[in-house]
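# Survey of secondary and tertiary structure
Listed below, chain by chain, are the residues.
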Amino acid sequence: MNVQDPYAPCLQYECITPLRVLLAKEKHPDIWDKHVNCMETHAKDRKEKEIWNFNTINIVGYLRGPCKCDRFSEDLIHQVCGLLDVNVFEARTISGNAIRCLYPKLSTFSHNCVSNVTHSIESNGEGNEEDFKVTLKASVSINKGEELFTSYTYTMWPTMARRAFLKESKYFDCNCQRCSDPTELGTHMSTLKCMKCDNGVILSTAPLLDPESEWKCTHCPHSLKGTTVQKVFKTIQEEIDQAEAMEQDASAIETRESLYRKYRSILHPRHAYFTILRISLAQMYGKVEGYTMDILPNILYERKIELCQNIMENINVLEPGYTRLRGMILYELHAPIIMLARNLYNVDVIDKDELRSKLQEAIKLLKESSEILTLEPENSQEGMIGRMANQAYIQLSSNLEDLIDNI
């Protein structure tokens, strides 16, 4: 069959991952009985959703019909679909393609929107049964007897989006401390600016009841319906998704900066959607053609520094400790600090002592970044950046005075 567009959706492919699980069940019945068969599938809830009908047609019907895999019962195939929908974790291959991984022990960890463990899924690229391995690490100090938490959703989403995702895909309502707090532990990741007064911000009156709960200003009588806020968030998320789908070029930077300006009068400065935009911009400034690190003007070095520092304000609360995002942003922050300090020193805006102080700051950032990212799989993007950070740390710290003299 001639394929017109290899990237177009092909519903027949939906059955491949469930089939792999079914074949693995046949090959390893002991593992299935001991670790997999007991995993939650939320079949009762899923039967009420469109996904059940989708799977009935495109997976159950296709496997038992055209694929002639009728040795697998309808109930078993639906069970496998539920296992995958509810329990899988995402990983990426060396080539960058997203895959779904089912790890029964990892799936037993409780969820929290501020987790204390992080996991890495590593591939050796050889394609055998041991190809993908998961490693769990504590991201912060954990006391004996303290519960271990991981996150089933994206930390940088606002509460409304996180809880909707968890309800839709994991079938539970998250009532963690972060979700319960209208300010999201003081980060204001969901907070809106008030359009009726100068000093007020708009917060949910009952975040665990979204989208029905009312949102009120802290300084004036102005209020919004939760459904209105939900529509605003949906619109902004769709615009960000469109920006994320763009090729990584100069126009992608300009589009994100335009979105940033567009919603500056609506969203709190530390809002989740600003944080998401900042993360993308911080990683593009210095790398995209026309915006490479060697040709950026001072104002864009300052912009990249500001972006990273703003991101860190929220990371310190929501992803504390040894987390990938923290390591990556620390690495992004060191370079503009060095470049800006060099330029300012060369035009006598700062003296040698101030230059030394800035370079020492960059050394400290590189050290922490490398300590975090070298714990990641060697063949991952984060692992490779971790090694680069470590090399830069060694070189810069060993030759600091020579570098100052030669600037």
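Residues numbered from 1 in each chain as written. Predicted model: local features only at pLDDT ≥ 70, side-chain atom pairs only at ≥ 80, totals over all residues. Heavy atoms only, no water.

### Section: the overall build of the protein chain
Helix and strand content of the protein chain: 15 helices and 10 strands. Taken along the three principal axes of its C-alpha coordinates, the protein chain extends 80 × 60 × 55 Å. Looking at the protein chain residue by residue over its 407 residues, the buried ones come to 45%. In the structure as shown, the protein chain presents an accessible area of about 21900 Å², 51% of it carried by carbon and sulfur atoms. (Helix = DSSP H or I, 4+ residues; strand = E, 2+ residues; numbered from the N terminus. Buried < 20%, exposed > 50% of the residue type's maximum accessible area, 1.4 Å probe, protein only. Areas by Shrake-Rupley, 256 points an atom, 1.4 Å probe, with all protein chains shown as cover.)

### Brief notes about the packing of aromatic side chains
Counting across every chain of the model gives 8 aromatic pairs. When the ring of Tyr154 is compared with that of Trp157, the centres are 6.0 Å apart and the planes differ by 90°; the resulting orientation is edge-to-face. Since its relative accessible area comes to 34%, Tyr154 is described here as partly exposed. You can call Trp157 partly exposed: its relative accessible area is 22%. Through successive ring pairs, a cluster of aromatic residues spans Phe89, Tyr152 and Phe172. Geometry around Trp32 places Lys25 over its ring, the cationic atom sitting 5.6 Å from the centre. (Phe/Tyr/Trp six-rings, centres within 6.5 Å; stacked < 30°, edge-to-face > 60°. Lys NZ or Arg CZ within 6 Å of the ring centre and 35° of its normal.)

### Observations regarding the sheet that holds strand β8 (residues 201-204)
Two modes of strand pairing occur in sheets, parallel and antiparallel, and in both the strands are linked by backbone hydrogen bonds. If you walk across this open sheet you meet the 4 strands as β7-β8-β9-β10, and the pairing is antiparallel. Looking at the sheet topology across the chains shown, the edges are occupied by β7 (192-193) and β10 (223-224). Sheet strands touched by helix α8 (residues 226-244): β7, β9 (215-217) and β10. Its angle to β9, the strand with the most contacts, is close to 90°. (Pairing = 2+ DSSP bridges. Contact = heavy atoms within 4.5 Å. Axes fitted to C-alpha atoms, helices over the stretch in contact; angles between N-to-C directions.)

### Describing unusual backbone geometry
Look at Tyr171: it is not a glycine, yet its phi comes out positive at around 65°. Inspection of the secondary structure puts Tyr171 in the loop between α6 (159-170) and α7 (177-180). Take Tyr171: its relative accessible area is 12%, and that puts it in the buried class. Positive phi, close to 60°, is recorded for Leu185, a residue that is not glycine. Note on placement: Leu185 falls in the loop between α7 and β7.

### Things to note about the packing of helix α9 (residues 250-262) against helix α10 (residues 272-284)
In contact at an axis separation of 10 Å, α9 and α10 are set at 150° when each is read in the N-to-C sense. In this view, α9 runs roughly antiparallel relative to α10, as classed from their interaxial angle. Crossing geometry of α9 relative to α10 is assigned as left-handed. Together, Ala252, Ile253, Arg256, Glu257, Leu259 and Tyr260 of α9 and Phe274, Leu277, Arg278, Ser280, Leu281 and Met284 of α10 make up the contact between the two elements. Of the residues in the contact of α9 with α10, the class split is 8 nonpolar, 1 polar and 3 charged. (Parallel < 35°, antiparallel > 145°, perpendicular 65-115°, else oblique. Left-handed = near helix turned anticlockwise from the far one by under 90°. Nonpolar A, V, L, I, M, F, W, Y, C, P; charged D, E, K, R; others polar.)

### Looking at the pattern of salt bridges
A full pass over the atoms with the stated rule returns 22 salt bridges. With a shortest N-O distance of 3.0 Å, Arg162 and Glu184 are connected by a salt bridge. One end of the pair, Arg162, is in helix α6; the other, Glu184, is in the loop between α7 and β7, and 22 residues separate them in sequence. You'll find Arg162 and Glu184 in the same group, each marked buried. A salt bridge links Lys304 to Glu332; the shortest N-O distance between them is 2.7 Å. Taken together, the residues span a long stretch of sequence, with Lys304 in helix α11 (residues 298-318) and Glu332 in helix α12 (residues 324-346) at a distance of 28 residues. The two residues Lys304 and Glu332 agree in class, both being buried. Three or more residues are tied together by salt bridges with common partners; here these are Lys137, Arg324 and Glu376. (Salt bridge = Lys/Arg side-chain N within 4 Å of Asp/Glu carboxyl O.)

### Some remarks on the environment of Asp210
Examined against the element boundaries, Asp210 turns out to sit in the loop between β8 and β9. In this structure Asp210 comes out as buried when scored by relative accessible area, which is 16%. Taking the C-alpha atoms as reference, Asp210 lies 9.5 Å from Val229; in sequence the two are 19 residues apart. Not counting residues within four places of it along the chain, the set of residues in contact with Asp210 comprises Met160, Ser204 and Trp215.

### Thoughts on the pairing of β8
Because side chains alternate across β8, one face comprises the buried residues Val201 and Leu203, and the other comprises Ile202 and Ser204, equally buried. Bridge count for β7 against β8 is 2 bridges, and the pairing is antiparallel. When the sheet's bridge partners are listed, Lys193 is paired in β8 with Val201. As paired elements, β8 and β9 share 3 bridges and run antiparallel to each other. Within β9, the residue paired with Leu203 across the bridge is Lys216.

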